[in-house]
Structure formats: C-alpha cells, structure tokens
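Below are the chains, spelled out letter by letter.
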Amino acid sequence: MTAEQEAILEQIIEAFQNGKRLSDLPDVSETNPFNLICEVLENGESKKAALATLLPYMEEECSYGIEFDTAVSSPACTRIGNLSLHKSLPIHNRMKGCLLNDDGEVVEYLNPANWTGQTRDGSRGQVMVELPMHYRKFETDGTKRRVRISEYPLPGYHVVGKRYVSAYEATVKRSTMTLCSVANMDADYRGGNNQADWDGSYRSVLGRPATQISRINFRNYARKRKSGSTEWNCMTYDIHKELYWLFVIEYATLNSQAAFNAQKDSNGYAQGGLGDGVTTIDGGKWNTFNSYYPFIPCGYTDELGNGTGEVEFSMPAEYDATIKKVKVPRYRGIENPFGHLWQWTDGINIRISPTEENSGDGLSKVFVCSDPAKFSDSGYDGYAHVGNEARTEGYVKSVIFGEGGEIMPDVVGGGSTTYFCDYHYTNIPTSETLRGVLFGGGAIHGATAGFAYANSSYAPSFTYAHFGSRLCFIPA
C-alpha cells in the first residue's frame, strides 16, 4: 500500500473505533426542528435535506381529513390528505363494539358483523363502542376550515385518547339508579320515567332509554358505576364532537341527514349520510301515544354490528292506524347518534348574559372542559372560554370551530340543505344564566335535527320526557 492509502485506512479505522450507536448520541435540545438537517437517499445517493422540507410530505402521506369553505353554502366537503386513507379509513375502522366492565376493562369484543347473538343485557358488562386513540388538527385559513386526523403524532396535532361511548341511548338500572347501556327488557331496566303501569301495553317503556332526568342526575347515575372515580360519565361534549368530525371526514359532508347510501362511490369513498333518523314523528300523535316518551328499544339495530346503516321501525297502530314507519340510524355501532331523543352533554356550559338594556354584556359565552373531575353545573372553574354562541335561533351557518373544532353555532342563517344543515335553539334571559347543551334533536324535529343540532335553552337541572343521554367511559 502507498503511504497515501495507509493514511486513508488509518482514518477509516479511527472513525470506526470512535463510532457511536444511535442510542448513544445526545438528544437534540433547544434547537428549532425546522433548522435541523437530515440524511436522505435519492436514487441510491446520500443527500442532505432540511427537516422542515419533509414535514409537509409526511402530513400529506400520514393524515386524512376534509376542508370546507364558510363562504360556500354547499355542505359538501373536499377530501384532503392521503386519499387512499379515505378508502381504508384506518382510524374509523378501529371503532368497535365491546362489553366493558365497571373498571373500564374490555370483557369481550362483539361480533363486528352482528351483535344479536351475544350477551347485551348488562350481566357481562356495558355495551359500548371503543373510540381509538388518534391525533387530530383543526386549521383555519381565511374562510377555509380543515380537519385532519392521523394515526401518528404529527407536528401540530393533538392526541385524542382512547375512550368509550354507549352503543345505545342510556337507560337506568332502577334498583341501584345506575346509568347503563344495555339491551334488556327486564323491569329493573325500565326506561322513560319508570312507568310500571305501562308494562305490557302499547306504551311500554321496558327496554327503552331512560328520560325525564336532569344532566346533573345523568352524571350522578353514571358515576355510580365506579365509586370514587370520575371515569364513568353521561354523554360528553368532547365525545359528541369527536363523533361528529369522524362522520364528516368519512362522508365528506356537513349534512348528517343526507340520504343513506350503503354503496361506495366510484372512487371507493363513503357517500350520502345517515338519513332522516327517527325525526319524522307527528308531535300531536306522539303526545297522545305516550306523552313524548321514548319508543325505540335499545339495541334495535344490533343486527348491523359495528356497521353503519338504517333499520326500519313500525310505530304501533295506537300511534297511527296507517302504521307510520321510521328508520333507526346507526353510525359504526352507535345507535341513534341523533334523533329520537335530545341528548344532554357534559363538559360544556354556556354563560348567557342578558342584553345591555338589562344590565348584561349581550354575549353567550361557551365554556368547555375535558377533565371530568371538574365538570360542574354551577360555574366555570376549570373550563376554557372557546368562543361565543349565536344569540338567535335558526339554521346553523357557521360554528365556533377554532383550535378545538368547536361545533357550537356562532352564526345562524343557513338552511336544511345548506351550510351545517341543522338548527340552533337558544333564548336570552333577563338575568345572567348558566345553561347546559342538548344535541341531536328529538323524534318530532324533522329536517332541523342532526349531529350539529344544538339547544342551549335549559339549565342542567331541567328534565323532560324526550331528554336523554348516553353513557361514556374516559380512562383516567
């Protein structure tokens, strides 16, 4: 070897001896990651690249979501991100039905095709749908709004933890006054307002959801599932919001009541919506029939398993001799995500101030909380002010959105097939008032109902015959 070759060999040996494993290298600290340089291969050749130049490609490859324009009245959204993920729907497809015990442990995952052959009476656990952990980002760009989700912790994305929501509108185990998600016709799980004298009649509320319960008591009854814990809750605003955006991303529409279509479009994407839902009942006939109490049995759509679809339900002749028919919707295992009953939601309080003429500030401030230990019906401690609610009723034209993707209406003036396609109810008091929020609408609300149908007209203590909720488990 020449002296020059020997010198090169010595350099190679020295570099090898001084080499370190990747795990032995120091961590990057106090450095803007956008200034970092990394090695990349292009056509087999090593080259350098600024990390910042790779991040947009990573997001486009590893996320999927939608974009809509608040200046455009059409509820149709544009699919963005990796379009192949809109076909495979990896996050959506990890939603699955299960039986959950009171410690929040999965006892059994239910048959994804059909749940009807499995125990759903509460003896082996509550019938829940597991919502998978994922990452999410909300963006505002002028009049455009974007929602993106990913299985990976991309820059700017926030984690959405794994949690559970009841497959059914909740009922109550009457012997213990515990909130439940079961398909059980036993008298101990009588729904409605526990009308025992209706058993065996056309008005029976056996196996139906429980109503005539305040948000305060829905929370209290849920917490009885695990003493000393705040993991069990009634329906929360956060979970309702999560389900709404999952639906919007899957179907690329803000109109949850668009006609249901089981077929994919020519690109392999979901199309349509969830249909009218149980929203086309005549108010006068419902009142005469059973005084606005629930009539759809819990678990009625369980033949659809973890799927999405509709199952026809025929009203008894005592409601209408023509045998009125409605279609009960299901979204990925979740029955009646809107319609049939209003749903009380926790973790959201509205501070509604009177007009300036009545010594108020003329604002309806929306406060939200993601920590169940801080849920309250009397104040806003631990809550964050995320924006202001519209002060008048009407079809929703826009929602607060912001960094958290808030779905409370801030502007009305839309229609049943434009913008958000759902309605907004509120009223302005003569003195400052704390209100809760109901979502979804009841069986008489027709085109006004839907996922984004919000009602801030009532205090959390209020009860009514068609006000219900769901059961949730949020791991600590």
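It should be emphasised that the depicted structure is a prediction, and the values quoted were computed from it without experimental measurement.

S.K.: When you look at the overall build of the protein in this model, what are you seeing that I'm missing?
M.R.: The helix and strand inventory of the protein stands at six helices and 27 strands. A principal-axis box enclosing the C-alpha atoms of the protein has dimensions of 105 × 60 × 50 Å. Buried positions account for 53% of the 476 residues belonging to the protein. In the protein, 44 side chains carry a positive charge and 57 a negative one; their mean positions are 5 Å apart.

S.K.: Looking at this model, I keep getting lost on the side chain of Asn82. Mind explaining?
M.R.: Mapped onto the elements of the fold, Asn82 is located in the loop between strand 4 (78-81) and helix 3 (83-88). For Asn82, a relative accessible area of 12% corresponds to the buried category. Engagement of the side chain of Asn82 in a polar contact is seen with the backbone oxygen of Glu61, the distance being 2.8 Å. Not counting the four nearest positions on each side in its chain, Asn82 is found in contact with Glu60, Glu61, Ser63 and Tyr64.

S.K.: Help me out: how do you make sense of the state of the cysteines in this one?
M.R.: Covalent bonding between the sulfur atoms of two cysteines defines a disulfide. Under the defined criterion, the tally for this structure stands at zero disulfides. Free cysteine: Cys38, not disulfide-bonded; nearest cysteine sulfur from Cys62 at 15 Å. Unpaired in terms of disulfides, Cys421 finds its nearest cysteine sulfur in Cys77, a separation of 9.7 Å. In this structure Cys421 comes out as buried when scored by relative accessible area, which is 1%.

S.K.: Looking at this structure, how should I read the pairing of strand 6 (residues 106-109)?
M.R.: Regular strands have side chains that alternate between both faces of the sheet. With three bridges connecting them, strand 5 (residues 96-100) and strand 6 associate as antiparallel partners. Note on strand 6: the bridge partner recorded for Leu99 is Glu108. The loop that links strand 5 with its antiparallel partner strand 6 comprises five residues; one of these, Gly104, has a positive phi angle of about 80 degrees.

S.K.: Whenever I open this one, the sheet that holds strand 17 (residues 334-335) confuses me. Can you help?
M.R.: Pairing between sheet strands relies on hydrogen bonds along the backbone, with the strands arranged either parallel or antiparallel. A sheet is described by the order of its strands in space; here three strands give the open sequence 15-16-17, paired in antiparallel fashion. Both outer strands of the open sheet, strand 15 (309-314) and strand 17, are each paired with one neighbouring strand and no more. Where helix 5 (residues 237-251) meets the sheet, it contacts strand 16 (325-331) and strand 17, and its direction lies at approximately 95 degrees from that of strand 16.

S.K.: Explanation requested: the packing of aromatic side chains in the structure shown.
M.R.: Aromatic rings in a pair are described by how distant their centres are and how their planes are angled relative to each other. This structure, assessed with the given rule, holds 34 aromatic pairs. An angle of 90 degrees between the planes, with centres 5.0 Å apart, marks the rings of Tyr395 and Tyr423 as edge-to-face. With Tyr395 in strand 21 (residues 394-401) and Tyr423 in strand 23 (residues 423-425), the pair connects residues that are 28 residues apart, well separated along the chain. Judged by its relative accessible area of 14%, Tyr423 falls in the buried class. Linked through ring pairs, Phe68, Phe138, Tyr244, Trp245, Phe247, Tyr251, Tyr331, Phe338, Phe401, Phe420 and Phe451 together constitute an aromatic cluster. The cationic tip of Lys96 hangs over the ring face of Tyr109; the distance from NZ or CZ to the ring centre is 4.3 Å.

What counts, and at which threshold
Residues numbered from 1 in each chain as written. Predicted model: local features only at pLDDT ≥ 70, side-chain atom pairs only at ≥ 80, totals over all residues. Heavy atoms only, no water. Helix = DSSP H or I, 4+ residues; strand = E, 2+ residues; numbered from the N terminus. Buried < 20%, exposed > 50% of the residue type's maximum accessible area, 1.4 Å probe, protein only. Lys, Arg positive; Asp, Glu negative; His and termini not counted. Charge placed at Lys NZ, Arg CZ, Asp CG, Glu CD. Polar contact = N/O pair within 3.5 Å; in protein donor to acceptor, adjacent residues only side chain to side chain. Contact = heavy atoms within 4.5 Å. Disulfide = S-S within 2.5 Å. Pairing = 2+ DSSP bridges. Axes fitted to C-alpha atoms, helices over the stretch in contact; angles between N-to-C directions. Phe/Tyr/Trp six-rings, centres within 6.5 Å; stacked < 30°, edge-to-face > 60°. Lys NZ or Arg CZ within 6 Å of the ring centre and 35° of its normal.

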